Amino acid sequence: MPKLLHARAPRDGEEERQIRKLAGARHAPADWIQRAQIVVLSWEEMRGPAIAAMLGCHPETVRRRLRRFNAEGIDGLGDRPGPGRRPRITQAERSQLIALVKTTPPGRLRWEPWGELEADDEDGPAVWTLDALTAAAREQGIDIHRSQVRRILLKEGVRWRRTRSWTTSKDPDFAAKERRSSACTPTRRTARSSSAPTSWGR
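Residues numbered from 1 in each chain as written. Predicted model: local features only at pLDDT ≥ 70, side-chain atom pairs only at ≥ 80, totals over all residues. Heavy atoms only, no water.

Participant: Before we go on, may I ask you to explain a negative patch on the surface in this structure?
Facilitator: Residues Asp121, Glu122, Asp123 and Glu139 make up a contiguous surface patch of negative charge. Looking at the element boundaries, glutamate 139 is found in helix 6 (residues 130-139). (Patch = residues over 30% accessible without salt bridge, like charges linked within 9 Å, V, L, I, M, F, W, Y side chains within 5 Å. Areas by Shrake-Rupley, 256 points an atom, 1.4 Å probe, with all protein chains shown as cover. Salt bridge = Lys/Arg side-chain N within 4 Å of Asp/Glu carboxyl O. Lys, Arg positive; Asp, Glu negative; His and termini not counted. Charge placed at Lys NZ, Arg CZ, Asp CG, Glu CD. Helix = DSSP H or I, 4+ residues; strand = E, 2+ residues; numbered from the N terminus.)

Participant: I would appreciate a short explanation of the nonpolar core in the present structure.
Facilitator: A general trend in soluble globular proteins is that nonpolar side chains are found buried together. One finds Ile19, Leu22, Val39, Trp43, Val62, Phe69 and Leu77 to be the most contacted residues of the largest nonpolar core, which totals 21 residues. For this core, the elements supplying multiple residues, two or more each, are helix 1 (13-23), helix 2 (30-43), helix 3 (48-55) and helix 4 (59-72). Examining the composition of this core, we find that eight residues originate from one element, helix 2, more than from any other. Dropping the residues within four chain positions of it, tryptophan 43 is found in contact with Ala7, Arg8, Ala9, Pro10, Glu16, Ile19, Arg20 and Phe69. In this structure, Ile98, Trp128, Ala136 and Leu153 belong to the second largest nonpolar core, which totals 17 residues. (Core = buried A, V, L, I, M, F, W, Y, C linked by side-chain atoms within 4.5 Å. Buried < 20%, exposed > 50% of the residue type's maximum accessible area, 1.4 Å probe, protein only. Contact = heavy atoms within 4.5 Å.)

Participant: I'm lost on the side chain of arginine 94 in this one. Help?
Facilitator: Note that arginine 94 resides in helix 5 (residues 91-101). Its relative accessible area of 14% is what places arginine 94 among the buried residues. In this structure the side chain of arginine 94 is engaged in a polar contact, spanning 3.3 Å, whose partner is the side chain of glutamate 156. If we ignore the near neighbours within four places in the chain, the residues touching arginine 94 are Pro29, Ile89, Ile152, Lys155 and Glu156. (Polar contact = N/O pair within 3.5 Å; in protein donor to acceptor, adjacent residues only side chain to side chain.)

Participant: In this structure, what is going on with the packing of aromatic side chains? I would like to understand it.
Facilitator: The relative placement of two aromatic rings is captured by the distance of their centres and the angle of their planes. If you walk through the whole model with that rule in mind, you get one aromatic pair. An angle of 75° between the planes, with centres 6.1 Å apart, marks the rings of tryptophan 43 and phenylalanine 69 as edge-to-face. With a gap of 26 residues between them, tryptophan 43 in helix 2 and phenylalanine 69 in helix 4 connect regions that are remote in the sequence. Each member of the pair tryptophan 43 and phenylalanine 69 is classed as buried. The cationic tip of arginine 8 hangs over the ring face of phenylalanine 69; the distance from NZ or CZ to the ring centre is 4.5 Å. (Phe/Tyr/Trp six-rings, centres within 6.5 Å; stacked < 30°, edge-to-face > 60°. Lys NZ or Arg CZ within 6 Å of the ring centre and 35° of its normal.)

Here it is, written out as structure tokens:
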């Protein structure tokens, strides 16, 4: 009979807080969330097969993740790097990037109560693009490239493209600025019927 495997007790309150927070996160990578949930459920005295059934994974996945956590702590919840390669982006940085997409771009205009359009940063981006997100992430201290931003967002199913909102405006002159329709609609000339009577002089 295989020996029952449990997650070791947290080293301190901070480690426990981080893992429980990750287990209940909404914007972190799904695989990290599941691994943290495995640990938390094990802390709650749930056995491996029951954890696997609850989370919809294989019992061996639960055992493997518990062994890695017991040996490596919270770092064991991540993916192992390939040979000769270390991951450049930490889980905290990935979560920080995903949270950044949910914020309002600093250059986006908004209507103020006094009826004027203003932005937090007139020189900042009005919409999030890959280039704008890369620059903003770097300003927050994340050493990341545009291709990495795109790969992370695609993997997590996060949309960064925004629908243009130019079709609506509170400007009273907005309607007058729209493209005018033609003053009159050209009528199509009706072809003369072949059966129409003719008046030929005889």
